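The chain contents come next:
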Amino acid sequence: MNPSGPNLYDPANILELVGYAADCYKRGHSVPGQFDVFTAPGTDGKAVIYYTPTDVIICFQGTTNLEGWLHDGNVRKILENGCEMHEGFSQVTTSLEGFISPELEGWKDKRVWVTGHSLGGAVAVYYAWRVVVGYGHNPFSGIVTFGQPRVGNEAFRDSWTALGLNEITWRVVHAQDLVPRVPWLLGAYRHVEHHEVFFPGFAPCLPAIDPGLISLIRDDVRGIADELWHDKFGLLADHHIQNYVDLFN
């Protein structure tokens, strides 16, 4: 991993992190180096921590079974630190953070990254926020998610901003992937105001950084029309982790 900088978009780092996010589904066997695996039965929660000479990568796995989908679908809100948060994501985060947070003190001489795909992306953001709120400072070099759903309300978004996490956070979205659009805005869920790396369906090799709403709507219309024209419907197909890996390869 390259050293991070404020608001620095580094495709090489994101390429490496999407590899870890994909590997997390494979029990850590396809990425060289040392790693620890932690699972939480009953929530479909899983975290893999990868170790290199200079970095620690905390990776959370996405949904793989019915229990995970039920937690994803539990959109009731709970109050935490003055913010309304997704109860299902809270439960998965709680089930895993006890394995990880005690180790943070021992990683002060390394860069620490947090990443994940789908549910894993939501847990990555939730976990990082809890750590920074609890520690009173930010121990992370970067937070990068892939196909991440929304985690909390406007107060959570504002808390994320106040903690200074925006400048090291990147949210990657592939084409018409449906998952980053849920839970719906009508439920008062918001994405935190971190950088979005959007890959349009019609130009997958040309990412747009922090695209405007008009350009997103235009891509939605164009992308869905193209999918219908070719007799396919890719809103969930676009969400697959392999599609995110392919963006950077």
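Residues numbered from 1 in each chain as written. Predicted model: local features only at pLDDT ≥ 70, side-chain atom pairs only at ≥ 80, totals over all residues. Heavy atoms only, no water.

Asker: Explain helix α5 (residues 154-162) to me, using residue names and the numbers behind them.
Answerer: Listed as buried for α5 are Phe156, Arg157, Ser159 and Trp160. Buried residues of α5, seen end-on, are gathered within an arc of 160° and therefore sit on one face of the element. Buried residues in α5 make contact with β5 (83-86), α4 (119-135), β7 (142-146) and β8 (169-174). The distance from a side-chain oxygen at the start of α5 to the backbone nitrogen of Ala155 is 3.2 Å, and the residue carrying that oxygen is Asn153. (Buried < 20%, exposed > 50% of the residue type's maximum accessible area, 1.4 Å probe, protein only. Helix = DSSP H or I, 4+ residues; strand = E, 2+ residues; numbered from the N terminus. Arc of directions from axis to C-beta. Contact = heavy atoms within 4.5 Å. Polar contact = N/O pair within 3.5 Å; in protein donor to acceptor, adjacent residues only side chain to side chain.)

Asker: Explain the sheet that holds β7 to me, and be specific about the residues and the numbers.
Answerer: In spatial order, the strands read β1-β2-β3-β6-β7-β8-β9-β10; together these eight strands make up an open sheet with mixed pairing. The sheet terminates laterally at β1 (34-40) and β10 (208-209), the two strands that pair on one side only. As defined by bridge partners, strand β2 (residues 45-51) adjoins strand β3 (residues 55-60) across five bridges and the pair is classed as antiparallel. Across the sheet, Tyr51 pairs through a bridge with Val56, a residue of β3. Across the face of the sheet, helix α1 (residues 11-23) comes into contact with β2, β3, β6 (111-117), β7 and β8 while running at roughly 60° to β7. (Pairing = 2+ DSSP bridges. Axes fitted to C-alpha atoms, helices over the stretch in contact; angles between N-to-C directions.)

Asker: Could you give an account of unusual backbone geometry, naming the residues involved and the relevant values?
Answerer: Residues other than glycine seldom take positive phi values, yet Asn7 does so here, at roughly 60°. Here Asn7 is to be found in the segment before α1. Positive phi, normally seen in glycine, also occurs at Ser118, with a value near 60°. Its relative accessible area of 6% is what places Ser118 among the buried residues.

Asker: Got a sec to walk through the packing of aromatic side chains? Specific residues and values, please.
Answerer: Remark: the centre distance and the inter-plane angle together describe each pair of aromatic rings, the angle taken between the planes. Applying the stated criterion across every chain yields a total of eleven aromatic pairs. On the basis of an interplanar angle of 45° and a centroid distance of 6.3 Å, the ring pair of Phe35 and Tyr50 is categorised as tilted. Remark: Tyr50 occurs in strand β2 and Phe35 occurs in strand β1; sequence separation between them is 15 residues. Geometrically, the ring pair formed by Phe38 and Phe99 is stacked, given 5.2 Å between the ring centres and 15° between the ring planes. With Phe38 in strand β1 and Phe99 in helix α3 (residues 87-100), this pair connects stretches of sequence that are 61 residues apart. Classification of Phe99 as partly exposed rests on a relative accessible area of 35%. (Phe/Tyr/Trp six-rings, centres within 6.5 Å; stacked < 30°, edge-to-face > 60°.)

Asker: Could you give me a rundown of the environment of Lys108, with the residues and numbers involved?
Answerer: Position of Lys108 among the secondary structure elements: in the loop between α3 and β6. Spatially, the C-alpha atoms of Lys108 and Pro139 are 7.8 Å apart, while their sequence positions differ by 31 residues. For Lys108, the side chain forms a polar contact with the side chain of Glu105, separated by 2.9 Å.

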